[in-house]
Amino acid sequence: MEQRSLTLPPLEVAADELGFFRWGRVGGRVLVTNDAGDWTFLGEAELADLLAGRVVDGHARFAELQAKGLVRDGMDLDAL
């Protein structure tokens, strides 16, 4: 059996900036879900921005990701 390997660059993760979520790749996009049942699709660059803590006020998807509890800054726990 031929052995293959794949080297992936490590992802930059700003854990203190994130809410709790899971993610996986579906049809060339990234599906992100939380425990409350909210979900969204992200592109690879958007996922990298989210994980690195670069989704901040002024980012095109900040309000959506904040409302879904994926970004910790200003998260409304009661609404979730």
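Quantities reported herein were computed from a predicted structural model and do not represent experimental measurements.

Student: Could you clarify how one ought to interpret the pattern of salt bridges in this entry?
Tutor: Side chains carrying opposite charge are able to pair once their charged atoms draw close together. Using the criterion set out here, one finds eight salt bridges in the structure. The partner of Glu12 in a salt bridge is Arg54, and the shortest N-O contact between them spans 3.3 Å. Taken as a pair, Glu12 in the segment before strand 1 (22-26) and Arg54 in the loop between helix 1 (44-52) and helix 2 (62-67) lie far apart in primary sequence, 42 residues in all. You can call Glu12 exposed: its relative accessible area is 52%. Measuring nitrogen to oxygen at the nearest pair gives 3.1 Å for the salt bridge that ties Arg61 to Glu46. Here the residue Arg61 occupies a position in the loop between helix 1 and helix 2, and Glu46 occupies one in helix 1, the gap between them amounting to 15 residues. Look at Glu46 and you get partly exposed, because its relative accessible area is 25%. Through salt bridges with shared partners, one network takes in Glu46, Arg61, Glu64 and Lys68.

Student: Explain the nonpolar core to me, please; I cannot follow it from the model alone.
Tutor: Where a protein is soluble and globular, its nonpolar side chains tend to be buried together. With 13 residues, the main nonpolar core has Phe21, Val32, Leu42, Leu50, Val55, Leu65 and Val71 as its most contacted residues. Contributing elements (two or more residues each) for this core: strand 2 (29-33), helix 1 and helix 2. Counting residues per element, this core draws most heavily on helix 1, which supplies three residues.

Rules of the game
- Residues numbered from 1 in each chain as written.
- Predicted model: local features only at pLDDT ≥ 70, side-chain atom pairs only at ≥ 80, totals over all residues.
- Heavy atoms only, no water.
- Salt bridge = Lys/Arg side-chain N within 4 Å of Asp/Glu carboxyl O.
- Helix = DSSP H or I, 4+ residues; strand = E, 2+ residues; numbered from the N terminus.
- Buried < 20%, exposed > 50% of the residue type's maximum accessible area, 1.4 Å probe, protein only.
- Core = buried A, V, L, I, M, F, W, Y, C linked by side-chain atoms within 4.5 Å.

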